Amino acid sequence: MEPIKIIRSRTIVMPSSNIDTDQIIPGRFLTTTTKEGLGKQLFADWRYQPDGSEKSDFILNQPAAKGCAVLVAGRNLGCGSSREHAPWALLDYGFRAVISTEIADIFRNNSLKNGLLPIVIDEATSAWLIANPGAEVTIDLERAILTLPTGAEVKFPIEAFARYCLLNGVDELGYLLSKSAEISAYEQRV
Amino acid sequence: MQPKTMFEKVWDRHQVVPETADTPAVLFVDLHLTHEVTSPQAFSLLRERGLKLRRPDLTIATMDHATPTRTEQVFGGAPITIESAAKQIRQLEVNVREFGVELLGLQSSLRGIVHIIGPELGLTQPGKTIVCGDSHTSTHGAFGALAFGIGTTEVGHVFATQCLLQRKAKTLAVNVHGRLTPGVGAKDLILAIIGKLGVSGGTGHVIEYRGEAIRAFDMEERMTVCNMSIEAGARAGMIAPDETTFAYLKGRLHSPQGEAWDRAVADWKTLTTDEGARFDREIDIDAAALEPMITYGTNPGMVVPVSGSIPVKPNDTVFAKSLAYMGLEPGASIKGQPVNVVFIGSCTNGRISDLRLAAQLLRGHHVAKGVHMLIVPGSQQVKRQAEAEGLDRVFIDAGADWRESGCSMCLGMNGDLVPKGEYSVSTSNRNFEGRQGVGARTLLASPLTATASAIRGRVTDPRELLHA
């Protein structure tokens, strides 16, 4: 995994609340046996016509969306299915961070484990971001600060261990494997 | 000793390394259920790192999500229609052989939806930690297990170490007072709870369902309730084990036997939440006041009584978009809405008691003209039991479609789909846009409401038929 220090990008705004992982990537694409190439299926039913052509009114199909690495969404992003294909698809498309006032537990976990930064912010910051799509924001993971173009700095919560892993580009499996003596002791005990 | 909740007791027992400010707990997993859809990339991880699967004895695999439900495709050698699904199924067969995991494969008499077979086989037990790469793993909490869904990376972690890194969740008590009235069931209760909590009301929490109505439920009803905890945002839902739990488990394939059984029961009895233990939050529900419930929108929190009407929310664009997708009007009554498809099945309502309810209502009736009623048992064991009781004849005589087990139309991965724009009354757990097929419009309800709606061809309060 690439270490994450600073993410600087314009935002894409999808103001809907409760965007579930079935929308992020519909179930029919889950018969894959790899993680690669799911970006083209991201938001497939909102993004494409039945014939496969793009829906011009969908945000990802608009010129302003090109190159944006930060997705701002309404409350309760990523609810529903535990499919890790959702963060895989977002990352493959080019997103590096997702921002909402509330992010569903399993999706947040899955995102952290793949280097997609889930950022939970307050209502006022969310309202500003939703009212200002395309705003250039800076995310400083070391300081856990989101900076708006107004200069406003917003502190966001991030679990200490997950931040350590993301900053250093290491995954959690190495840490778990380093605990094998403790795991063996537990297995003996029970 | 500080009084503890059941969740805290199970959590404490499984901490290999306790959590600190800097590091999450290392939590031991007693049972890892796995299936074809969320495991391939986790097996690949083991290969890439040159790792073994640490505890094949605590791991069991089945196939359910992408499997066909047509008998000729399961047993007759007819090809599986979706090529990528067939490939995924074959990949699981390869993976379990390579890593030494027991597989209840496509033609196994014990195969079924992963959350149906865990309890059936007696693998699901009080006090266990149970995980699966599937959000409806919360189902197993009905036995007083701590059971939750994980992503594929975490599936790989459990394969390699039998452990997960976890932060301790908060606790939420849902106190269900009084008893449900006839025609109102566990599905109606959990839909009402989700309606009250909202689809993110349980985020960060483990729910414990308590109270008179919960105690009166059999295990299958309790599973229906715990199953949909995730639809309120809670990764896990739990119910204290009691005599009902023990009676269900006694004598099952993997249940403890003889003296081990007595010791297990004695231990399981200590798991219940202590008097005076504190929950981070509590809510109260009056069971007697509930009616049959049905969803009208595109998440499970958008729910009303079948006798009710769709809310009016001016200036709410998300709500308007949802109703536009559903083709429904604010303020309209939901009862009487024409229906095209009825689906009975899924890990929420695909157990034998669900099929008995459907058959009881369907007996002597016929599915309305133009309605496709699909009935998919949750497991092959459920299927055989239903056939032994003659329920399949009731379904087939009424014009319903009776299939082999699997997730089927709950998420349509196997090609069992609701056509675009059509209305489906479904006993499954998610009414998200496109869940049952592109453009499909899903109304979630109980097996009784779904069956009554199949008979009338319109959304129907089942009590009208029960009393008739």
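Cut-offs applied
- Residues numbered from 1 in each chain as written.
- Chains lettered and ligands numbered in written order.
- Predicted model: local features only at pLDDT ≥ 70, side-chain atom pairs only at ≥ 80, totals over all residues.
- Helix = DSSP H or I, 4+ residues; strand = E, 2+ residues; numbered from the N terminus.
- Rg over C-alpha atoms; globule rule 2.2 N^0.38 Å.
- Contact = placed C-beta atoms within 7 Å.
- Buried ≥ 20, exposed ≤ 12 C-beta atoms within 10 Å, placed from the backbone.
- Domains from an automatic or database assignment.
- Nonpolar A, V, L, I, M, F, W, Y, C, P; charged D, E, K, R; others polar.
- Pairing = 2+ DSSP bridges.
- Axes fitted to C-alpha atoms, helices over the stretch in contact; angles between N-to-C directions.
- Left-handed = near helix turned anticlockwise from the far one by under 90°.
- Core = buried A, V, L, I, M, F, W, Y, C linked by C-beta atoms within 7 Å.
- pLDDT = per-residue confidence, 0-100.
- Parallel < 35°, antiparallel > 145°, perpendicular 65-115°, else oblique.
- Arc of directions from axis to C-beta.

With that settled, consider the overall build of chain A. Check the secondary structure of chain A and you find eight helices and seven strands. By the compact-globule yardstick of 16 Å for 190 residues, chain A fits well, its C-alpha radius of gyration being 18 Å. With the C-alpha coordinates aligned to their principal axes, the bounding extent of chain A is approximately 60 × 45 × 25 Å. Within chain A, contacts between residues separated by at least 24 positions form 66% of all contacts whose residues are at least 6 apart in sequence.

Next up on the list: the overall build of chain B. When you go through chain B residue by residue, the secondary structure sums to 18 helices and 19 strands. For 468 residues, the compact-globule estimate of 2.2 N^0.38 gives 23 Å, and chain B sits close to it at 21 Å. In terms of principal-axis extent, the alpha carbons of chain B reach across some 55 × 55 × 50 Å. Expressed as a percentage of the 468 residues in chain B, the buried residues total 61%. Restricting the contact set of chain B to residue pairs at least 6 apart, pairs at least 24 apart contribute 76%.

Residues and elements named next belong to chain B. On domain assignment, one finds that chain B holds domain 1 (6-166), domain 2 (170-241 + 266-288) and domain 3 (294-460). On the domain 3 side, the residues contacting the 15 residues of domain 2 number 15 residues. Going through the elements one at a time, helix H7 (186-197) and helix H9 (219-227) are the ones with two or more residues in the side of domain 2 that touches domain 3. Here the element with the most residues in the side of domain 2 that touches domain 3 is H7; it accounts for five residues. Residue composition of the side of domain 2 that touches domain 3, grouped by class: four nonpolar, six polar and five charged.

With that settled, the discussion passes to the environment of Gly276(B). All names here are of chain B. Along the chain, glycine 276 turns up in the loop between helix H11 (258-268) and strand E12 (281-286). Judged by C-beta crowding, with 8 C-beta atoms within 10 Å, glycine 276 ranks as exposed. Linking glycine 276 and glutamine 2, residues 274 residues apart in sequence, is a C-alpha distance of 8.9 Å.

Right, let's get into the sheet that holds strand E2 (residues 25-28) of chain B. Pairing within the open sheet is antiparallel, and its three strands lie in the order E1-E2-E8 (chain B). The open sheet has two edge strands with one neighbour each: strand E1 (15-17) and strand E8 (163-166) of chain B. With direction set aside, neighbouring strand axes in the sheet form an average angle of 40 degrees. Looking at chain direction, E2(B) and E8(B) are connected through four bridges and run antiparallel. Among the inter-strand pairings, Phe28(B) is bridged to a residue of E8(B), identified as Cys163(B). Across the sheet, helix H8 (residues 180-189) of chain A lies against E1, E2 and E8 of chain B, angled at about 145 degrees from E1(B), the strand it touches most.

Each partner contributes to the interface: chain B provides 52 residues, whereas chain A provides 44 residues. Counting only elements with at least two residues in the side of chain B that touches chain A, the list comes to E1, E2, helix H2 (40-49), helix H4 (83-99), helix H6 (152-161) and E8 of chain B. Of the residues in the side of chain B that touches chain A, the class split is 21 nonpolar, 23 polar and eight charged.

Moving on: the packing of helix H14 (residues 352-362) of chain B against helix H17 (residues 447-456) of chain B. All names here are of chain B. At a minimum axis separation of 9 Å, H14 and H17 run at an interaxial angle of 30 degrees. The two elements H14 and H17 cross, and the hand of that crossing is right-handed. Taken together, the residues of H17 that come into contact with H14 (itself represented by Asp354, Leu357, Ala358, Leu361 and Leu362) are Pro447, Leu448, Thr451, Ala452 and Ile455. Tallied by class, the residues present in the contact of H14 with H17 amount to eight nonpolar, one polar and one charged.

A separate point is the nonpolar core. For soluble globular proteins, nonpolar side chains are generally found buried alongside one another. In terms of nonpolar packing, the biggest core is built from 199 residues, with Leu71(A), Ala97(A), Val98(A), Cys163(B), Leu189(B), Ile294(B) and Val342(B) touching the most fellow members. The biggest single contributor to this core is H7(B), with eight residues. When sequence neighbours within four positions are dropped, the list of residues in contact with Val98(A) reads Leu71(A), Ala73(A), Leu77(A), Leu90(A), Ser111(A), Leu116(A), Pro118(A) and Ile119(A).

Attention now moves to the confidence of the model for chain B. The predicted model of chain B has a mean per-residue pLDDT of 98, with 100% of residues at 70 or higher. Scored as a complex, the prediction yields pTM 0.98 and ipTM 0.97.

Let's shift gears to the sheet that holds strand E19 (residues 441-444) of chain B. All names here are of chain B. Spatially, five strands are ordered E17-E16-E15-E18-E19 in an open sheet, and the strand pairing comes out parallel. Since the sheet does not close on itself, it has two edges, and those belong to strand E17 (401-402) and E19, each with one partner. Relative to strand E16 (residues 372-375), strand E15 (residues 341-344) runs parallel, the two sharing four bridges. When the bridges of E16 are listed, phenylalanine 343 appears paired with leucine 374.

Turning our attention to H2(B). Residue and element names in this part refer to chain B. Taken together, the buried positions of H2 are occupied by Pro40, Gln41, Ala42, Phe43 and Leu45. Structurally, H2 contributes buried residues whose contacts are with H4 and H6. Just past H2, the residue glycine 50 takes up positive phi, approximately 65 degrees.

Below, the discussion takes up the packing of H2(B) against H6(B). Residue and element names in this part refer to chain B. Where H2 contacts H6, the axes come no closer than 8 Å and their chain directions differ by 50 degrees. Accordingly, the angle class assigned to the pair H2 and H6 is oblique. As H2 runs across H6, the sense of the crossing is right-handed. Note on element contacts: H6 touches H2 through Thr152, Val155, Gly156, Phe159 and Ala160, opposite Gln41, Ala42, Leu45 and Leu46.

Our next topic: helix H1 (residues 6-13) of chain B. At 3.6 residues per turn, the α-helix brings residues three or four places apart onto the same side. Residues and elements named next belong to chain B. Taken residue by residue, H1 has Met6, Phe7, Val10 and Trp11 as its buried positions. Buried residues of H1, seen end-on, are gathered within an arc of 130 degrees and therefore sit on one face of the element. Contacts made by the buried residues of H1 are with E1, strand E6 (129-132), strand E7 (146-149), strand E9 (170-177), strand E10 (205-210) and strand E11 (236-238).

Before going further, it helps to examine the environment of Lys5(A). All names here are of chain A. Along the chain, lysine 5 falls in the segment before strand E1 (6-14). With 12 C-beta atoms counted inside 10 Å, the residue lysine 5 sits in the exposed group. With near-sequence residues (within four places) excluded, lysine 5 lies in contact with Leu141, Glu142 and Leu167.

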